[in-house]
Amino acid sequence: MVCGGFACSKNALCALNVVYMLVGLLLIGVAAWGKGLGIVSSIHIIGGVIAVGVFLLLIAVAGLVGAVNHHQVLLFFYMIILGLVFIFQFGISCSCLAINRSKQTDIINTSWGVMSNKTRHELERSFDCCGLFNLTTQYQDDVSCNALCKNRSSTCQMCGEKFLKHSDEALKISGGVGLFFSFTEILGVWLAMRFRNQKDPRANPSAFL
């Protein structure tokens, strides 16, 4: 049987959606693990990661059911939703790769300004730093900082410098991974479109379309 036939398209679409299901479950598991170990306690971050995982899981389940049953309606909506996700994800990934250091500094400054004190203290402990760019690192002035570096020396490195180092690396990795997965979504749209228009050899010939 040549690849491109009904069975091959069905198996490829099922395999792709199984991968999406595993990624969705992984996101949910990582969020729960991070919450359980106390790595991240912000309910907004945890909720956002879990929401993305659940959304991806639902799309994968719809695509898998549509592929197994050759369900025209499910496959149609699967194509539409996956196409919209591709457009959104492709744009975000390109933006991540295009953000320069100056823009990252502005984003970090803005984000730090809207964070709660609890979140700031968690970041200071995690990155072992105190303050951002325009805040003093002297402990007698920065009494709210509870980073471990305060016990080792008289000053700590500013968090902004560490954030920039990690954010630049994270943006490149996130942009690259997002770009890669966005093309798998185009593959999913193409497979679903092709599979919808193929005839099931085991079905009644007169019932096709």
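Residues numbered from 1 in each chain as written. Predicted model: local features only at pLDDT ≥ 70, side-chain atom pairs only at ≥ 80, totals over all residues. Heavy atoms only, no water.

(A) Just the packing of aromatic side chains, in detail. Per the stated rule, a full pass over the model turns up five aromatic pairs. Ring plane angle 75° and centroid distance 5.5 Å describe the contact between Phe-76 and Phe-77, whose orientation is recorded as edge-to-face. Given the relative accessible area of 38%, Phe-76 is considered partly exposed. By way of ring pairs, the aromatic residues Phe-86, Phe-90 and Phe-183 are connected into one cluster. (Phe/Tyr/Trp six-rings, centres within 6.5 Å; stacked < 30°, edge-to-face > 60°. Buried < 20%, exposed > 50% of the residue type's maximum accessible area, 1.4 Å probe, protein only.)

(B) Molecular detail of a nonpolar patch on the surface. Together, Phe-55, Val-73, Phe-76, Phe-77, Ile-80, Ile-81, Leu-84 and Ile-87 give the surface a local cluster of nonpolar side chains, amounting to about 770 Å² of exposed area. The element that contributes the greatest number of residues to the nonpolar patch is helix H3 (residues 72-98), accounting for seven residues. As for its placement among the helices and strands, Ile-81 is situated in helix H3. (Patch = residues over 30% accessible without salt bridge, like charges linked within 9 Å, V, L, I, M, F, W, Y side chains within 5 Å. Areas by Shrake-Rupley, 256 points an atom, 1.4 Å probe, with all protein chains shown as cover. Salt bridge = Lys/Arg side-chain N within 4 Å of Asp/Glu carboxyl O. Helix = DSSP H or I, 4+ residues; strand = E, 2+ residues; numbered from the N terminus.)

(C) Region of interest: the UniProt feature "transmembrane region" (unreviewed entry) in the protein chain. The positions UniProt marks with the feature "transmembrane region" (unreviewed entry) are residues 12-33, 45-68, 75-100 and 173-193. Here residues 75-100 runs as 92% helix and 0% strand, with 40 Å between its end C-alpha atoms. Between the end C-alpha atoms of residues 173-193 the distance is 31 Å, and the span holds 100% helix and 0% strand. (UniProt positions renumbered as here; feature names shortened; annotations may be inferred.)

(D) Expanded view of the environment of Ser-102. Turning to its location among the elements, Ser-102 is positioned in helix H4 (residues 101-114). Using a relative accessible area of 47% as the deciding quantity, one classes Ser-102 as partly exposed. Between the C-alpha atoms of Ser-102 and Leu-164, which are 62 residues apart in sequence, the distance is 9.7 Å.

(E) Summary view of the confidence of the model for the protein chain. Residues with a pLDDT of 70 or more make up 78% of the protein chain, whose mean pLDDT is 77. Mean pLDDT across the secondary structure elements of the protein chain bottoms out at helix H5 (residues 117-127), with 79, and peaks at H3, with 86. Low pLDDT, under 50, characterises residues 135-141; the predicted model gives this stretch 19 contacts beyond four residues in sequence or across chains. (pLDDT = per-residue confidence, 0-100. Contact = heavy atoms within 4.5 Å.)

(F) The arrangement of the nonpolar core in detail. Judged by nonpolar contacts, the single largest core of 18 residues is most densely connected at Leu-13, Tyr-20, Tyr-78, Leu-82 and Phe-195. For this core, the secondary structure elements donating two or more residues are helix H1 (6-37), helix H2 (43-69), H3 and helix H6 (159-196). Not counting the four nearest positions on each side in its chain, Tyr-78 is found in contact with Leu-13, Asn-17, Tyr-20, Ile-59, Gly-63, Gly-188 and Ala-192. Membership of the second largest hydrophobic core comes to seven residues, among which are Ile-108, Trp-112, Leu-132 and Leu-164. (Core = buried A, V, L, I, M, F, W, Y, C linked by side-chain atoms within 4.5 Å.)

(G) Structural detail: H5. Turning to H5, its buried residues are Thr-119, Glu-122 and Glu-124. The inward-facing, buried residues of H5 abut H4 and H6. Count one or two residues on from H5 and you reach Asp-128, which has phi positive near 55°.

(H) Here's a closer look at the side chain of Gln-104. Mapped onto the secondary structure, Gln-104 falls in helix H4. For Gln-104, a relative accessible area of 3% translates into the label buried. Among all residues touching Gln-104, those that are not within four sequence positions of it are Ile-99, Leu-164, Ser-167, Asp-168 and Leu-171.

(I) View of unusual backbone geometry. Look at His-70: it is not a glycine, yet its phi comes out positive at around 55°. Relative to the helices and strands, His-70 is located in the loop between H2 and H3.

(J) Spatial organisation of the environment of Ala-7. Counting through the fold element by element, Ala-7 comes out in helix H1. Ala-7 sits in the partly exposed class, given a relative accessible area of 28%. For the pair Ala-7 and Gln-198, spaced 191 residues apart in the sequence, the C-alpha separation amounts to 9.8 Å.

(K) Here's a closer look at the environment of Ala-98. Following the sequence through the fold, Ala-98 ends up in helix H3. Along the primary structure Ala-98 and Leu-171 are separated by 73 residues, whereas in three dimensions their C-alpha atoms are 9.1 Å apart.

(L) Representation of the packing of H4 against H6 within the structure. Their axes nearest at 10 Å, the elements H4 and H6 cross at an angle of 115°. By the angle class used here, H4 and H6 are roughly perpendicular. In the crossing of H4 with H6, the sense of the turn from one axis to the other is right-handed. From H4, Arg-101, Gln-104, Thr-105, Ile-108 and Trp-112 reach across to H6, where they touch Phe-163, Leu-164, Ser-167, Asp-168 and Leu-171. (Axes fitted to C-alpha atoms, helices over the stretch in contact; angles between N-to-C directions. Parallel < 35°, antiparallel > 145°, perpendicular 65-115°, else oblique. Left-handed = near helix turned anticlockwise from the far one by under 90°.)

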